[in-house]
Every structure is written in C-alpha cells, then in structure tokens.
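Understanding the architecture of this molecule
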Amino acid sequence: DARGDGRKHTMLHRVIVAAYLMAGRSRAEPGFASFSALGGRPYEVGYDARALTVDGERSLFLSGSLHYPRGAPEEWDGWLEQAVESGLNMIEIYVFWNLHVPEEGGEGVWSGGANFTDFIGRCASRGLFVYLRVGPYVCAEWTYGGIPLWLAQKEGIKFRETNPLWQEAMSDFFRAIIGRVAASKQFATQGGPVMLVQVENELQPTDRPYVDWCGTMAADALAAVGASSVPLTMCNGETAEGAINTCNGEDCAPFLEKNGQNGKVLISQPALWTENEGGFALWGGSAQGEPSYFWARTPAELAYNNLRWFARGGSLLNYYMFAGGSTRGLWAGAGLTTAYATDVPVCQDGLRHDAKFYFLQLLHSALREAAGAIVRAESAPGTRLEAENAGDGEQFGFRYGNFAFIENNGTQPTRVSLDALGCVGANFDLGARSAALVELMGAGAEQALSEQAAFEQADFEQADTSSSKGTGAAAVLRGLGLGECKARVLFRSDRLLEQTPPPPEHRSLTRLPGGPLQWKAWTEPLATRSAHDKPDKPLLDSLPDSLLDSLPDSLPDSHGHPDSVIHSHVPIEQGIVTRDKSAFASYTRLSTSFTGACTRGGAGKGGGCVLAVEVGCATALLVLVDGILVGSADDRDHDPCTITLNVTLDVSKITGGEHALTIVSEHLGYANYGFREPLVKGIIGRVVLGRNVLTHGAWVIRAGLKGERLGLMHAQGETSVRWAAVKDRPRELTWHRARFETPAQILKAAPDFAVKGAGPGPQLHVNMSGFGRGHAWVNGHSIGRYWLIARATGPEAGHRPTQALYHVPSAWLSQDRAVLNVISVLEGPGGTDLGRTSLYLAQMAKGPGPGFAKQGWAAQIADCEM
C-alpha cells in the first residue's frame, strides 16, 4: 500500500541520516575531519589554496557560531548536541572583552557564564573543533562591540588604529586570552580543539601600520605559548600579511570570484566563510521589511548560497549564528532585541527551528558524502550549461570527481543539459535561483570511477598549490564521458519534498493554563527635591562648555553606584556617571522657570511646550516637573550617532514659576559597530525649553535607581520596600513583583545530553504583553530588556510586537513546586493591561506542524516565534 511504503520510506530516511551524522562523532570521514578521531594527541593545522589541512589532509568544515554569554551554562550542552545532530564539525566563538574585564586592573570575570574555556572543553568532548575569534573588538550586536567602557573613557583613546592606549590594552587582553587557552591545553599543538584564531574583526580601511601590527602581535602571542602553527585569520576587511582573509555576508560567492579582499583566496589561501549571516531583530523591525538586518532569509535561499559557495571552492562555512540565545542584562547593542538571531537553525530557547534545522541537516549530510571528492580536487571553474529557458540569469556547473554542483541564477525555472559536465544526454530541471549537489552515475560509471581515483590520487600527491584553476584530476575527468548518464540528487535547494519526507517535528508554543499573574508594585522615587533646595556640596565649575570634550580630573568619582550624586553646572555624559552599572541616570535642574506656553495658563499658545534635549542615540527620556511625569520620548537608532529628542510636555500639570525639572535618561545599548572614537549616552549637549536654553544651571545628577540599590530584582526585594496592590497602569518608573509555579513539564527529569539524540526539554517563556518597555528578572536572573513596540512593516505592522516572548532558562527556575518563582519587572510608562502577561511553554512536537505548507515550505520566511 502506498501509505505504508511512504511510512517505511520516512522511517528509513530518518534512520539513515541520523546514523550517518552520528558516525562522524568518533571517526574521520574522507575529506571531513573529526576532532574525536585525533584521540587527544597534538596535530598539525595547515592550509593550501584549496582547504585547511589536519595533519596534511584537506578537510571541509561545517561550523556554527555559539556565544557562551547568550545562554546559561546549563544550556551549552543542548546547543552543542544540536550542532552534532546537524552534522557540524566545528564551533566558532567570540570572546567578549567587556564581559571579562568590566573594571580596569581587576581580576576579571571568568567563571559561570563567562567560563569560555569550559565551553571550549565541552566542544572538544563532542568531537568539535573550535575557531576562536578573539578580536577583541567583536561587533556581535553586543554593546560597544565588546570594548570596555573604562577603556573608552581614557583621554586620547581612538579605537582600531595606531593609538598607544588602544594597542596596549588590546595586546594585553589578546595575550591574556591566548594564555588561558594554552593553560587549559586547548590549542591544536596541545591536542586541543582550537585550530584557528582570529584577530580584530571586520576591520574597515585604517592605517596600514595598525593592520600589520595586529598580525605581528597576534602571531607573537601564539608563538609565546607554542601555538605558532595555528593559522591566524582576519575577516571581512583589512588583512595583515600572513593572516587568512575570510568572508562575512549573506552571499560569499562574489568574494571567491574576486579571490577575496586581499587577492590571495584560492591562490595561496583557502576560502573560509566566517559569517553566513542569520537574522538580527531590531526593535520595531520585521522580517518582511526594513529594518530587517538579514532577518528575512528563507531556508531555500540559505541553501542556494551555501551550494554556490562550495561550488566555487569554498572549504569552510560557518553559520552566524547556529543558536542565538538571548542578550540579557545591558549587553545588547543599540536598538537590538533581547532574542538574538531569531531565524537560525536553533531558536533562542535552544529548541530546533523545525524546518530550517531539518533542511540544513540534509544539506550537511550531502556535503559530507561528497567532501572527499570535493577537497581532493582543486577548485573548479564554472562551466556554462545550455538551458532551455536561460531567462535573465546564467546556469553553471562545477564538477568535482563524480560529484557536481548545478545552479540556476535566473529568476525563472529552467532545464539544463549536463553534457558540458561529461554526463552526456542527461538533463536537469532547476527552479528559479536554485542549486543542487548531484552524483553523476550511469553506464560506464564503474570504469570512470576507477580511472577517477587514479587521477585524483596522483594529482593530490603531486599537487602544486600555486597551479591555475582547472588543472588536476577534476579537469582530466571532465574529458571522460560517462556514456548514458544520470544525476543522483544528494540535495537540492528547491522542491525538497520530491526527495525527502517532511520535517519530523516542529517547535510548538502553548499558553499555560491559570489566571493572570497577581502583581504588586512600588514606584521609584525619581525626583524629590523642590525648586528651592540648596545643593549639599559645591557645584563643579571647572567643566568645559563642550560636553563632548574630556572631563577634568577634579570630577568626583561616582563609581556608578546607584544613588550616587554629582552636582554640576552642566549635565555630564551618562557613561561617566553610571560606569554602565545601571541603564539609568537622572538629571535634576533646580530653580527652572516655567512661563507662557509651558504653563497650564498658557496651554496651546505658541504651538505647545517642547523640551529639546541633545542625547546619544538609542536613549529614552522621562521628564518630570516637581516629581510629576509630564512627558517622554525615545530613540532606538542602531547606528552610532547623536540626536535631539523633542519631548512635548503636558502643561496641564505645570503652574507658572520656578520648579525642579528632572530628566531621567535610560540608555538602550551602545552601538556595536561604525565607530573609532568613544560613544556617548544621556545628555551630551544643549537642553532647551521653548526658547530658553537650560544647559547651564544647578544640576543634580544621580547614577542609577533606588530600587537597584535596594535589590528589588532579587530575593531581598520582598522586604526592602512596602509593596502595594496594582491599581492603575504605570505612570512613572514602577517596580512590579509576582509569583508563579514551575510548570510540571519542566520539573520532569532533565535531558541527559550524554545520550545521543537527546535534546532540550520544554522551555518557559514569559509573554510580556500588557507591559510597555522595561527590564525583567526571574529569581534574580535578568531575562533581558523587553519592549512591546509593534513591528513597523510587513503584514503584522502596527499590532504584533517585535518581541513578546522572553525565554527563562530551566536552570533558573525553582525545582520544587512548593517554592514559587519570583518575577520582578521595572516598567516605565506605556503599560496598558498587566493582566495580559502570561506564561508560555515551548516544546518539540511530532510532525511538521499546523503551519507547514507542503508545496513551497522551503521558500517561506522562517522565524522562531518570539
């Protein structure tokens, strides 16, 4: 019966794919190295024009980026298990400078979620090589690109160019990281998994001496620990002599066609794709429109570009990201959501991104099957294929032994002839902008394969890596017609379901039963001084008029502690006040005069009352008069910049005369790219009320919030203040607190990742609908900044938030149903109905899912629901 045959085919396929991928854990496959197969012994990493080599043997590498601080340590094993299941043999990691060295001269932070050598060790235990990207500027959609704020505040500092302050600090950190890896015996020369190291990151044009210094400094650091043979890379930009130039982007085929940015790729250096970009969500963004930030890549488009890469000689491909996790606390870059890389193979909660994970798993299986033939041959030039309907694009074939990549770069489906690939009489149908990996088979194939093996062995042993493309075994074999020939499809980026069954499982989200959370609240005291209070210490009078100039040595050190107070005759840049230990700083100007249109009696005159404040981009402001909220505004720009925020004041709450004006600044992350000089936050220039310039005056500047000092996000917050029932929507900054039980599904036995095939269990999410914008914690752990801002584009514009769901790692939850969990929230004005906040459970469910479209699912815009 047809249905029975289909079920047998489905089961057989799953067993074969799983067995094939699992086998790679402990043994080497032709052309596809396994760290486990080395048995913990030291090995030599090298490279030629075609590929990286392990003990002289060329290998393909399928890699995925994982960021250890974007997940709890208890989540790391789940990520890595998924990587192995997907068929990867390498993990890429960044190292985050400002995470590890938040204070100058301190011992640093190296334990818990910052224990990157532990993470590397877990990669090794699963047979995965490691590509260590030290930077230490990393971009990574991470605040300040990983640069510590204390370094940015040094007078005379300039980043990523010849500058003694920068170079000394960068060298010290780079050497410290290399030293820690060596002390853990994790370099290839010590039998460890680290086989590639990157210095700098996406270095755009700068002075050449700095570029060369980067290469020399990094090489010296590696040599000092006996790892000088570990290759050095620099990605997507300027590249030092001796470093491999690598590609970042959505489509790196053009990079190969130009021999990289340094002209050496595929000539004397292998082709490495460091970042095959996933989607990064910006607040207010949408996958269906700008700003999308790579957040619209379909599984079909991703696979198409992957195949084009390997067809042209690529030998390493890294998914950036493989699993995104969440950027919690204050670590997210400007304008970026808490959920990171939301359309990659593994969702932010560690569960598989159903169809995309499955689709790519099949691609990896096909590439691994052909890897030996692909890397034995030199990179193949593209052969133009005859097409029945060439349309507006070209069709190419690339042959490696008995395997070939076939691609249609046009926007219309077409049928191509494989005659030019030596497969005479065979035709192949391709969809628009699609590619396939096939094995050429047919009459005479056995004789051809025998001659192929002899040619390839001789060519591999005598290969001259400087030889031009098209020589060697692959070129000779193209002259061997295979008689009647047909193409066995290993993988194609279109019409996948003609070859394979649908995805076996999908990620399911279910709202947990139970009534609304019972909230209690405490209002943050933002401004208590009256207009006539006198400061309790002298005002600073030595500050420069330009707030962007360096501050004098006489500035008191607030150490960023919440409730620290500075008195000044002008506002002070927020980072100097808070040291980034809080997202908040308040600026109170005493004795501020309100007249005319800026009073209740003058309401409506002169077009209203506007307070204009010059701030660093990605900043939110609350404005209070005598402690009463009268206005707010925000900017969520992702780029490094400054802006004037115009806050329209509610003058119905303001009487004429002198009042205390308070401006509360919340920074929404520092930019992560595009800067060479220090960034700024908070008030950094003019403050103008109507036509009156208020910049100079008696300012009282406070770092942080009282609720932070009292620890309201932690257990002690229960008794630190007098909590009250929630009676109305939040109108100022308000702390909230509620309790909930750990779901029974999560309390069941945790998955044993030592068991092959085990994956993460059910995962909890908090749906923050009903709140506006703020910060949330569960049992004292930050689950990130939330913002229920609606998507600005696409079919759900104006009503669906960019991110509503916030993941809570299971390890942070109470493991005893008798002990309730505590969720703490710091909310600004904007919440509408706190009763809408709810708990959701995400888990893998059998079958392809209710939203699965059988015809064309690979072309759907994939997005982990968040």
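Bear in mind that the values here come from a model prediction, so they are computed numbers and not experimental data.

Bringing the environment of T642 into the picture now. Its location among the elements puts T642 in strand β26 (residues 642-648). T642 sits in the partly exposed class, given a relative accessible area of 41%. Note: C-alpha distance between T642 and A618 (24 residues apart in sequence) is 8.8 Å. When near neighbours in sequence (up to four residues on either side) are disregarded, T642 contacts E614, V615, G616, C617, V680 and I684.

Turning next to helix α6 (residues 164-183). Along its 20 residues, α6 runs 28 Å from first to last C-alpha, staying within 8% of the 28 Å computed at 1.5 Å per residue. Every buried residue of α6 is accounted for by W166, Q167, A169, M170, S171, F173, F174, I177, I178, V181 and A182. Among the structural elements, α3 (97-100), α4 (116-125), β6 (129-135), α5 (149-152), β7 (194-199) and α7 (208-224) are those in contact with the buried residues of α6. A side-chain oxygen of the first residue of α6 lies 3.2 Å from the backbone nitrogen of L165; this N-cap is N163. Backbone geometry just after α6 places K185 at a positive phi near 55 degrees.

Attention now goes to the sheet that holds strand β35 (residues 781-787). If you trace the 6 strands from one edge of the open sheet to the other, you get β31-β20-β32-β37-β34-β35, paired in antiparallel fashion. The two strands at the open ends of the sheet, each matched to only one other strand, are β31 (724-725) and β35. When strand β20 (residues 520-523) meets strand β32 (residues 734-740), the two strands line up antiparallel, connected through 4 bridges. Looking at the pairing, K520 lines up with R737 of β32.

A separate point is unusual backbone geometry. In this structure, the amide linkage connecting G135 to the following residue, P136, adopts the cis form with an omega of 15 degrees. Topologically, P136 is positioned in the loop between β6 and α5. A cis amide bond links Y320 to the next residue, M321, at an omega of 10 degrees. Looking at the secondary structure, you find M321 in the loop between β11 (314-320) and α10 (354-376). With phi around 55 degrees, K185 is a residue other than glycine that occupies positive phi space. Mapped onto the secondary structure, K185 falls in the loop between α6 and β7. Take K185: its relative accessible area is 58%, and that puts it in the exposed class.

Moving on, we come to the sheet that holds strand β19 (residues 505-511). The 4 strands are arranged β19-β38-β33-β36 in an open sheet whose pairing can be described as antiparallel. Edge positions in the sheet fall to β19 and β36 (805-808), since each has one partner strand and no second. Averaged over all adjacent pairs, the angle separating strand axes in this sheet is 35 degrees, with direction ignored. Sheet analysis places strand β33 (residues 763-767) next to β36, joined by 4 bridges and oriented antiparallel. Bridged to H765 within β36 is H807.

The rules we used
- Residues numbered from 1 in each chain as written.
- Predicted model: local features only at pLDDT ≥ 70, side-chain atom pairs only at ≥ 80, totals over all residues.
- Heavy atoms only, no water.
- Helix = DSSP H or I, 4+ residues; strand = E, 2+ residues; numbered from the N terminus.
- Buried < 20%, exposed > 50% of the residue type's maximum accessible area, 1.4 Å probe, protein only.
- Contact = heavy atoms within 4.5 Å.
- Expected span 1.5 Å × (residues − 1).
- Polar contact = N/O pair within 3.5 Å; in protein donor to acceptor, adjacent residues only side chain to side chain.
- Pairing = 2+ DSSP bridges.
- Axes fitted to C-alpha atoms, helices over the stretch in contact; angles between N-to-C directions.

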